[in-house]
Amino acid sequence: MARITLDGIAHAYGGKPQSEQDYALKPLHHVWEQGMAYALLGPSGCGKTTLLNIISGLVIPSEGRLLFDDKDVTHLPTKERNIAQVFQFPVIYDTMTVAENLAFPLKNRRLPRAAIERRVAEIAAMLDLKGVLDRRARGLTADAKQKISLGRGLVRSDVSAVLFDEPLTVIDPALKWELRSKLKAVHRALDLLMIYVTHDQIEALTFADQVVVMNEGKAVQIGTPDDLFERPEHTFVGYFIGSPGMNLMAGKVSGSRALVDGAELQLGAVYPEPPKGQRVQIGVRPDYTELSSTAGVPVQVRRVADLGRKRLAYVTLGGQQIVATIPPEMSSIGDQAKVVFDPAHTHVYVDDIRVTGAAA
Amino acid sequence: MRQGALPKIILAAYLVVLMLPIYWLINLSLRTNSDIMSGMALWPHNPTLEKYFQIFKDPTWVHGFGVSLTYVAINTVISVTVALPAAYAFNRYAFIGDRHLFFWLLTNLMAPTAVFAMPFFNLYYALGLFDTVWAVALAHCLFNIPLAVWILEGFVGGVPREIDETAAIDGYSFPRFFIRIFLPLIANGIGVTAFFCFMFSWVEQLLATTLTATNALPFAAVMTRSYSVSGMDWSLLAAAGVLTMVPGAVVIWFVRNHIAKGFALGRV
Amino acid sequence: MTGRPINNRAWLFVLPVLAFVLFSSIIPVMTVVNYSIQDTMGVNNFFWNGDAWFRDLLNPTTAIGERFNDALFRTLAFSLVCLLIEVPLGIAIALCIPRRGWLVGLTLVVMALPMLIPWNVVGTIWQIFTRADIGLFGAALTGLGLHYNVTQDSISAWITIVVIDVWHWTPLVILLSYAGLRAIPDAFYQAAQIDGASRWAIFFNIELPKLQKVLVIAVLLRFMQTFMIYTEPFVVTGGGPGSATTFLSIDLVKIALGQVDLGNAAAMSLVYYLITLTVCWVFFTIMTQLERRRDA
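Residues numbered from 1 in each chain as written. Chains lettered and ligands numbered in written order. Predicted model: local features only at pLDDT ≥ 70, side-chain atom pairs only at ≥ 80, totals over all residues. Heavy atoms only, no water.

(A) The overall build of chain B, seen in detail. Within chain B, the secondary structure is distributed over 14 helices and zero strands. For chain B, the α and β elements follow one another from N to C terminus as α-α-α-α-α-α-α-α-α-α-α-α-α-α. Dimensions of chain B, computed from C-alpha atoms along their principal axes, come out at roughly 75 × 60 × 30 Å. Going through the 268 residues of chain B one by one, you find that 53% of them count as buried. Counted over contacts in chain B with a minimum sequence separation of 6, partners at least 24 positions apart contribute 76%. As presented, chain B carries roughly 11,500 Å² of accessible surface, and 69% of it is formed by carbon and sulfur atoms. Between the mean site of the 14 positive side-chain charges and the mean site of the 12 negative ones, chain B shows a separation of 8 Å. (Helix = DSSP H or I, 4+ residues; strand = E, 2+ residues; numbered from the N terminus. Buried < 20%, exposed > 50% of the residue type's maximum accessible area, 1.4 Å probe, protein only. Contact = heavy atoms within 4.5 Å. Areas by Shrake-Rupley, 256 points an atom, 1.4 Å probe, with all protein chains shown as cover. Lys, Arg positive; Asp, Glu negative; His and termini not counted. Charge placed at Lys NZ, Arg CZ, Asp CG, Glu CD.)

Structure, rendered in structure tokens:
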């Protein structure tokens, strides 16, 4: 299988949606390419697990079609889709050894013994499970058990997509990094399509080639981690990605200038006049909002946070609260300061959607 | 995971078979004796409630019903009240002999009542409690108190210890904490416990009949003693039998949501 | 039960329970022990008899010994037969109950009903039900030409008592099994689907292992209750025909309250009690072992 296509996939639990609100997953079009790693990122209840279950077949979508290559698999039972799924907590067969766990899916498909043993050894080697093959799966640590869950998914050679539903939830923080690296290594080695659901942006941004940011059942933006950081298409993406999230200030836009509570900001492009009655916001990430003692917009400093590798200043501009980065050369900060916004990274949002301006 | 129609068919068939004897009892209770003896009928062709009225009007029967409900209620109250502090202690504290005491409590749950029939008879006679509701209520404590402790201990365990600690820090005296904060948190558990105490006391008959004679004769025993001179009064017996099922049905109707919820939480 | 503060003040909490159980349990048992080692020549005239009662009881050649042995054997056989039917049947029906939906509540309520009927009424229900003249069961069996007579035929009596117990108590096994099955997270079933497991494989590899603890409890409860059964067979067969369905409890009560044969009754009581205690202890040990293995 080379790709998975979502053609107008939407889902409302209970069948008959009366309005937008009833959809757990709003209509979505997307193509997942083979060999890529995707993350589904979003807060709890945003629909990411629903989407994952639609792809794996545990949920039949109330609308739309799901295609594996060009085959319509919307109603195909899970057994017959060549996907694997790793759950939030390790799902292993208590009564079996690690080897028997790994062999289980192959045994159910009646492969010859020699082929099974070969494949199990291969996967065990890849996941560093060779040493525990003959031990009872029940007695192992959580991260070993998750590796077994993953191994059971990979052991079928016809598997072309692996779905992860917040798999690191129960793993010790110290071991999370190790397991994540192992997942990336497996991805590169087996050239599989991987879809990884998480609410942790660090996991998403470090793991994925492309991230699908979801909120309230909608795919708000799909892009590389860089895209999401530099050019958030939606205020939600701006707020959710980055720590701390993007500064969003209510204001007015006119041409290549913006007016925020009396202060004037330079914009990186020329913007048309937004229609009356629509909410206009100027978005700049704290990374591109610098505290300065000389030039810039006057602000009042509320407090300063020293995070080690960077320092942040929580300031008030007019009536709005924003966060600015403190440059390393600045040592003392008083109650009053100035803030400089980088015009190249200043975005304009009308009704939460980013507006592209014409080049100046 | 239960796909297909087969499981539902099997379940339905089982439920029908389960209800058959009970249905049959109801069937007979609505027919007269002559009707019953004249031949088999799958449902009452001329249903009559005369036997039920006969029971309601007879003071012995009514008294018997009152007696049964009384000793069950007394027993439930005693069992739950006494078990609550003990369940708390078993779960929250370690003390000398705690494991052994708990085990011994559980063995009382499994005590053969036949073994205790004779000694209880002597004991309650000596105490002058023979043939009173108190004898039966206290006798049933033999197995109901351990049961109550066992069930409640599980529910006490479900309340995080932090709550106890917070209350102590907030300056609650222990009795106030226990009554105002803790008990409401295990209200569900108390309900489940009361239900099981009720059930096991209501159904137990060996001790109930051994320890009573005339004054405190339980309803079910009145049944077995009501064979008339002219032979078995089947429809009367059937009506009485149906009446003994009513309290059980009522109680379980009221706790049905708790039972379903209890299963959803995986609390065995 | 770990990590708790040592606090012997807890004995205060446990005191009421202790008092009651002392009163209901230890004192009566002491009475029984007293009778079991003495003999009486009349009211209040006791003399030491040592272990004579016990030796007679456990010696299959004496009258009492043979009687006890037969009753014990009968009761054990009865327990075994009931367990062999009720446990698999209970699990099977529990598997048929859906995990969600309104049907669940209704099913649980209907199933609980037989267990809420006073035990002598259970006996009466089946006394009526098995009669050939007025009972559906009896009429159906005799109508089919089978030689079915509860009061005169031992095999009929045995089958009837077993059927009664299965009818009465299988719901307990079903409810316990269902609770155990509900506790299994959905993810396990989903993973099994993805792994291509057959229904049998799911049962053996996921459901049965997770039901272990519940099944131990169910087997313990059912063994105990069948081992101590009294009221239902007493009402339906009176222990007959002859002594075909005279189980240990029935025999004991006959000797104790009927014949007022205190010494023999006391000895029998103690041996009976000892057997149940031992079985209890064995199960308790199995349970703690299971728990320890699970936490490992």
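Read on for the rest.
(B) View of the pairing of strand S4 (residues 63-68) of chain A. Residue and element names in this part refer to chain A. Relative to S4, strand S1 (residues 3-11) is paired through five bridges, and the arrangement is antiparallel. Within S4, the residue paired with Asp7 across the bridge is Arg65. With two bridges connecting them, S4 and strand S5 (residues 71-72) associate as antiparallel partners. In the strand pairing of S5, Phe68 is matched with Lys71. Hairpin connection between S4 and S5: a loop of two residues separates the two successive antiparallel strands, and Asp69 in this loop has a positive phi of roughly 55°. (Pairing = 2+ DSSP bridges.)

(C) Layout of the packing of aromatic side chains. For the coordinates displayed, the defined rule picks out 51 aromatic pairs over all chains. Ring geometry for Trp200(C) and Phe203(C): centres 6.3 Å apart, planes at 80°, overall edge-to-face. Within this pair, Trp200(C) and its partner Phe203(C) are both found in helix H9 (residues 199-210), separated by three residues, close to a single helical turn. By relative accessible area, Phe203(C) is classed as buried at 14%. Three or more aromatic residues joined by ring pairs form one cluster here, namely Tyr88(B), Tyr93(B), Phe174(B), Phe177(B), Phe178(B), Phe182(B) and Phe13(C). Sitting above the plane of the Tyr314(A) ring, Arg303(A) keeps its charged end 4.1 Å from the centroid. Above the plane of the ring of Phe188(C) lies Lys210(C), whose end atom (NZ or CZ) is 4.5 Å from the centre. (Phe/Tyr/Trp six-rings, centres within 6.5 Å; stacked < 30°, edge-to-face > 60°. Lys NZ or Arg CZ within 6 Å of the ring centre and 35° of its normal.)

(D) Summary view of the side chain of Glu204(B). Residue and element names in this part refer to chain B. Mapped onto the elements, Glu204 comes out in the loop between helix H10 (187-203) and helix H11 (206-210). Glu204 gets classed as buried once you look at its relative accessible area, which sits at 3%. Polar side-chain contacts of Glu204 include one of 2.9 Å to the backbone nitrogen of Leu207. (Polar contact = N/O pair within 3.5 Å; in protein donor to acceptor, adjacent residues only side chain to side chain.)

(E) Looking closely at the interface of chain A and chain C. Counting from both sides, the interface comprises 23 residues of chain A and, opposite them, 19 residues of chain C. At the boundary of chain A with chain C, total buried surface from both sides reaches about 1,800 Å², with 58% on carbon and sulfur atoms. Taken as a group, Lys79(A), Tyr93(A) and Arg138(A) account for 25% of the area that chain A buries against chain C, more than any other trio of residues on that side. Taken together, the links from chain A to chain C amount to two salt bridges. Inspection of the chain A/chain C interface yields six residue pairs in polar contact (both at pLDDT 80 or more). (Buried area = accessible area lost by both parts, 1.4 Å probe. Salt bridge = Lys/Arg side-chain N within 4 Å of Asp/Glu carboxyl O.)

(F) Inspection of the interface of chain C and chain B at higher detail. Each side of the interface is counted separately: chain C has 102 residues, and chain B has 97 residues. For the pairing of chain C and chain B, the buried interface totals around 8,900 Å² over both sides, and the portion due to carbon and sulfur atoms is 80%. Counting every contact that joins chain C to chain B gives zero salt bridges. Linking chain C to chain B there are five residue pairs in polar contact (both at pLDDT 80 or more). Here the side of chain C that touches chain B gets 18 residues from one element, more than from any other, and that element is helix H1 (residues 10-36) of chain C. For the side of chain C that touches chain B, the per-class residue count stands at 75 nonpolar, 19 polar and eight charged. (Nonpolar A, V, L, I, M, F, W, Y, C, P; charged D, E, K, R; others polar.)

(G) Up close: the packing of helix H4 (residues 59-92) of chain B against helix H7 (residues 133-157) of chain B. Packing of H4(B) against H7(B) leaves a shortest axis separation of 6 Å and a crossing angle of 35°. For the crossing formed where H4(B) meets H7(B), the hand is right-handed. (Axes fitted to C-alpha atoms, helices over the stretch in contact; angles between N-to-C directions. Left-handed = near helix turned anticlockwise from the far one by under 90°.)

(H) Layout of helix H6 (residues 113-126) of chain B. Residue and element names in this part refer to chain B. With 14 residues, H6 should reach 20 Å at 1.5 Å per residue; the first-to-last C-alpha distance of 19 Å fits that figure. Within H6, ten of the 14 residues are buried, which leaves the element mostly enclosed by the surrounding structure. Listed in full, the buried residues belonging to H6 are Thr113, Ala114, Val115, Phe116, Ala117, Met118, Pro119, Phe120, Leu123 and Tyr124. (Expected span 1.5 Å × (residues − 1).)

(I) Quick peek at the sheet that holds strand S11 (residues 247-250) of chain A. Residue and element names in this part refer to chain A. Here four strands make up an open sheet; going across it, the order is S11-S14-S20-S21 and the pairing antiparallel. Where the open sheet ends on each side, the last strands, each with one partner, are S11 and strand S21 (353-355). Neighbour to neighbour, the strand axes of the sheet diverge by 40° on average, direction disregarded. Here three bridges tie strand S20 (residues 346-350) to S21, and the two strands are oriented antiparallel to one another.

(J) Main features of the pairing of S20(A). Residues and elements named next belong to chain A. Taking burial as the measure, the five residues of S20 include five buried ones, the bulk of the element. Along S20, one buried face is formed by Thr346, Val348 and Val350 and the opposite face, lined by His347 and Tyr349, is buried too. Pairing between strand S14 (residues 280-284) and S20: five bridges, direction antiparallel. Pairing of Val284 across the sheet is with Thr346, part of S20.

(K) Focus on empty space enclosed by the protein. For the coordinates displayed, the defined rule picks out five cavities of 30 Å³ or more. Its volume calculated, the largest cavity comes out at about 100 Å³. Along the walls of the largest cavity sit 16 residues, with Gln85(A), Val86(A), Ser149(A), Arg152(A) and Gly153(A) positioned nearest its centre. Those elements that provide at least two residues to the lining of the largest cavity are strand S6 (83-86) and helix H4 (142-154) of chain A together with helix H8 (186-194) of chain C. By residue number, the principal contributor to the lining of the largest cavity is H4(A), which donates five residues. In this structure, the second largest cavity occupies an estimated 60 Å³ of space. Considering the residues around the second largest cavity, the lining is formed by Val86(A), Gln146(A), Lys147(A), Leu150(A), Phe164(A), Pro167(A), Leu168(A), Leu179(A) and Leu183(A). Those elements that place two or more of their residues in the lining of the second largest cavity are H4 and helix H5 (173-190) of chain A. Looking at the lining of the second largest cavity element by element, the count peaks at three residues for H4(A). (1 Å grid on protein atoms, 1.4 Å probe; cavity = no way out; pocket = protein on both sides within 12 Å on 5 of 7 lines; lining within 4 Å. Points joined across faces, edges and corners; volume = space filled by probe spheres on them.)

(L) Spotlight on the nonpolar core. If you look at the biggest cluster of nonpolar residues, it comprises 225 residues, and the most contacted ones within it are Trp32(A), Leu51(A), Val149(B) and Met111(C). With 17 residues, the single largest contributor to this core is H7(B). Once you skip the residues sitting within four places of it in the chain, Trp32(A) turns out to touch Ala2(A), Arg3(A), Ile4(A), Leu6(A), Tyr38(A), Leu40(A), Leu51(A), Ile55(A), Leu193(A), Ile195(A) and Val212(A). (Core = buried A, V, L, I, M, F, W, Y, C linked by side-chain atoms within 4.5 Å.)

(M) Expanded view of the sheet that holds strand S22 (residues 358-359) of chain A. Residues and elements named next belong to chain A. A sheet is described by the order of its strands in space; here three strands give the open sequence S12-S13-S22, paired in antiparallel fashion. In this open sheet, the two strands that pair with only one neighbour each are strand S12 (252-260) and S22. Here S12 pairs with strand S13 (residues 263-271) via five bridges, running antiparallel. Paired with Gly255 across the strands is Tyr271, a residue of S13.

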